[in-house]
Amino acid sequence: MPPVPASTFDRGARRNAAVLVTGAGGEVGHGLLKSMHAAGRRDLVAIDLRGVDDAQRSLCRECFVGDICETPLMHRLQAMFEITEIYHLAALLSTRTEFAPEAGHEVNVGGTMNMLRLAADQARSHGKPVKFLFPSSIAVYGCTGPNARREAGPIAEDDFNRPTTMYGCNKLYCEHLGGYYALHYRRLAQDRMDRVVDFRAIRFPGLISADTIPSGGTSDYAAEMIHAAAEGKPYACFVRPDTRIPFMTMPDAISAFLALAAADRECLSRTVYNARAFNPSAGELADLVGEHFPDAQITFEPDEQRQAILDSWPPDCDDTAARNDWGFNPQHDLRSAFEDYLVPGIKAHY
Ligand code: AKB
C-alpha cells in the first residue's frame, strides 16, 4: 500500500468530500471518470488494483492502487473522506470467473460487502445516505433451453433470475445485499438509521466501447470483432452466428448510470433496472462490420462452454421500468452505434 499523499489529509478536522469509483481503471471506469469530470465533479477518488493511467489520474482528487477486499484500505477511506456517492465497478467478469469461481466470489461478493459496509459506516458518521451505484448484469438471468429463450421474448427484471455462472450468482446476490442495506439494514438495532445506503443498480448488457477492448467477459465477441477488423486482423468468433443478446454502447451505459444516479429517489419504483439498446445476432454484427471494414476476415468457431453461457442469457430484456422511472433513452441504435460512434472512434485509434 503506497504512503497516503500528505495532500489527502485535510489540515482541519473535516474530511475531504469524495465520490468513490472502484475498478476505475476498467472499461466503464475510463468513461465514467471522464464524464463526471466533464460535468464538473472535482471530488473524484479512484481505486483500482492495477492503478489508473495518467489521463485518469488528472481527473481525480486522489487515486489509490488497492484491493477492495482488504480491510485496511476501507479504514483509510473511512478516515480520509466524507463519501457521498460510490460507483462500485470492480469485478471479475463472467468468463474469467469461470476459471476461478472462488476468487470471483471473493472479489465480486466480498469486495461489494466491503464497499456496502463502508457506505453504511460513512452514512452513520456524516448522517446522510450514501448513493451506491452498482453495475449488475444480464448474467443474473438463466433462460435455460432454446424454447425458454424463444418463448420468453424481452425479459423483465423479476423473470428467470436463475444464473448459471458464478459471476451471475454474485451479481444477483449483491443486488439483494444492496436492497438489504437500502431497506432493512440493522433492522432490530435500537440505533438503526433508515436507508443508510441509497442502492441503485443497472443490469448491463454487453457493452461495446470504441476506446477500450474488454477482457474476461462472455459478451466480448462484439467489441473484439470490431476492433480486429479495424486492425486488419482476422477474427475467429467464439459464438455461433445466430447468438443473440442485448448490447449498448459504452457512452449510453455511462449516461444511463449517471441518469439513474441523478434520479429523485421518489421516482424509482425498484432498486434494480434493465437497460439495453439493441440486440443483434453475432452474424448481423459481422455483416455490419463487413460493411464498414470490407477487408474484415470474420469466421465462426464456437467455444462450446462459452456458447452455453450465452445460450442461458436472454435474447433481449424489457427496460420499460428504466424508461418510465428515470428516462433511460439510449442515443445509439445498432446502425448509429457503428456510424456515429464505433467506426469513427475505432479508426481514430488504429
Ligand atoms: C460479461 O460478458 O461478462 C459482461 C456482462 C454481460 O456482464 N460484459
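Note that the structure is predicted; figures quoted are calculated from it, not measured. (Residues numbered from 1 in each chain as written. Predicted model: local features only at pLDDT ≥ 70, side-chain atom pairs only at ≥ 80, totals over all residues. Heavy atoms only, no water.)

K.L.:
Please provide a residue-by-residue account of the site of the ligand, values included.
P.N.:
Neighbouring the ligand are Leu93, Ser94, Ser137, Tyr167, Gly217, Thr218, Ser219 and Trp313. Within the contact set of the ligand, an oxygen atom lies 2.5 Å away from a side-chain nitrogen or oxygen of Ser94. At 2.8 Å, a backbone N or O of Thr218 approaches an oxygen atom of the ligand. Considered on its own, the ligand offers 260 Å² of accessible surface; in the complex 92% of this is hidden by protein. Mapping the ligand onto the cavity grids shows that it belongs to the largest pocket. Looking at the shell around the ligand, its residues break down into three nonpolar, five polar and no charged. Mapped onto the domain boundaries, the shell around the ligand takes at least three residues apiece from domain 1 (15-206 + 250-274) and domain 2 (208-247 + 277-315 + 332-347). (Near = heavy atom within 4 Å. Polar contact = N/O pair within 3.5 Å; in protein donor to acceptor, adjacent residues only side chain to side chain. Areas by Shrake-Rupley, 256 points an atom, 1.4 Å probe, with all protein chains shown as cover. 1 Å grid on protein atoms, 1.4 Å probe; cavity = no way out; pocket = protein on both sides within 12 Å on 5 of 7 lines; lining within 4 Å. Sits in = over half its atoms within 2 Å of the grid points. Nonpolar A, V, L, I, M, F, W, Y, C, P; charged D, E, K, R; others polar. Domains from an automatic or database assignment.)

K.L.:
Describe the packing of aromatic side chains, with residues and values.
P.N.:
Summed over all chains, the structure comprises twelve aromatic pairs. Look at Phe64 and Phe81: their rings are 6.1 Å apart centre to centre, the planes differ by 90 degrees, and that puts the pair in the edge-to-face class. In this pair, Phe64 sits in strand 3 (residues 62-65) while Phe81 sits in strand 4 (residues 81-88), placing the two residues 17 residues apart along the sequence. Assigned by exposure class, Phe64 and Phe81 land together as buried. Centre to centre, the rings of Tyr180 and Tyr181 are 5.6 Å apart; their planes meet at 90 degrees, and the pair counts as edge-to-face. Judged by relative accessible area, Tyr181 falls into the buried class, the value being 7%. Cluster of aromatic residues (ring-pair linked, three or more members): Tyr87, Phe204 and Phe257. It is Arg306 that lies over the ring of Phe238; its NZ or CZ is 3.7 Å from the centre. (Phe/Tyr/Trp six-rings, centres within 6.5 Å; stacked < 30°, edge-to-face > 60°. Helix = DSSP H or I, 4+ residues; strand = E, 2+ residues; numbered from the N terminus. Buried < 20%, exposed > 50% of the residue type's maximum accessible area, 1.4 Å probe, protein only. Lys NZ or Arg CZ within 6 Å of the ring centre and 35° of its normal.)

K.L.:
Could you give an account of the layout of surface pockets, naming the residues involved and the relevant values?
P.N.:
Estimated volume of the largest pocket: approximately 1,100 Å³. Where the lining of the largest pocket is concerned, the elements lending two or more residues are helix 1 (27-38), strand 2 (44-48), helix 4 (94-97), helix 5 (101-126), strand 5 (130-137), helix 7 (166-183) and strand 7 (206-208). Tallying contributions element by element places helix 1 first for the lining of the largest pocket, with four residues. Partitioned by chemical class, the residues of the lining of the largest pocket number 22 nonpolar, 17 polar and eight charged. Each of domain 1 (15-206 + 250-274) and domain 2 (208-247 + 277-315 + 332-347) accounts for three or more of the residues forming the lining of the largest pocket. (Points joined across faces, edges and corners; volume = space filled by probe spheres on them.)

K.L.:
I'd like to hear about helix 5, residue by residue, with values.
P.N.:
With 26 residues, helix 5 extends 36 Å from end C-alpha to end C-alpha; this agrees with the ideal 38 Å at 1.5 Å per step. Just past helix 5, the residue Gly127 takes up positive phi, approximately 85 degrees. (Expected span 1.5 Å × (residues − 1).)

K.L.:
Could you give me a rundown of the domain arrangement of the chain, with the residues and numbers involved?
P.N.:
When cut into domains, the chain gives domain 1 (15-206 + 250-274) and domain 2 (208-247 + 277-315 + 332-347). Measuring from the centre of the C-alpha atoms in domain 1 to the corresponding centre in domain 2 gives 26 Å. Taken together, the contact pairs 21 residues of domain 1 with 25 residues of domain 2. Summing both sides of the interface, domain 1 and domain 2 together bury roughly 2,000 Å²; the carbon and sulfur share of this comes to 55%. When the buried surface of domain 1 facing domain 2 is broken down by residue, Glu27, Arg149 and Gly206 rank first, second and third, together holding 30% of it. For the interface between domain 1 and domain 2, the tally reads zero salt bridges. Taken together, the connections running from domain 1 to domain 2 amount to 14 residue pairs in polar contact (both at pLDDT 80 or more). (Contact = heavy atoms within 4.5 Å. Buried area = accessible area lost by both parts, 1.4 Å probe. Salt bridge = Lys/Arg side-chain N within 4 Å of Asp/Glu carboxyl O.)

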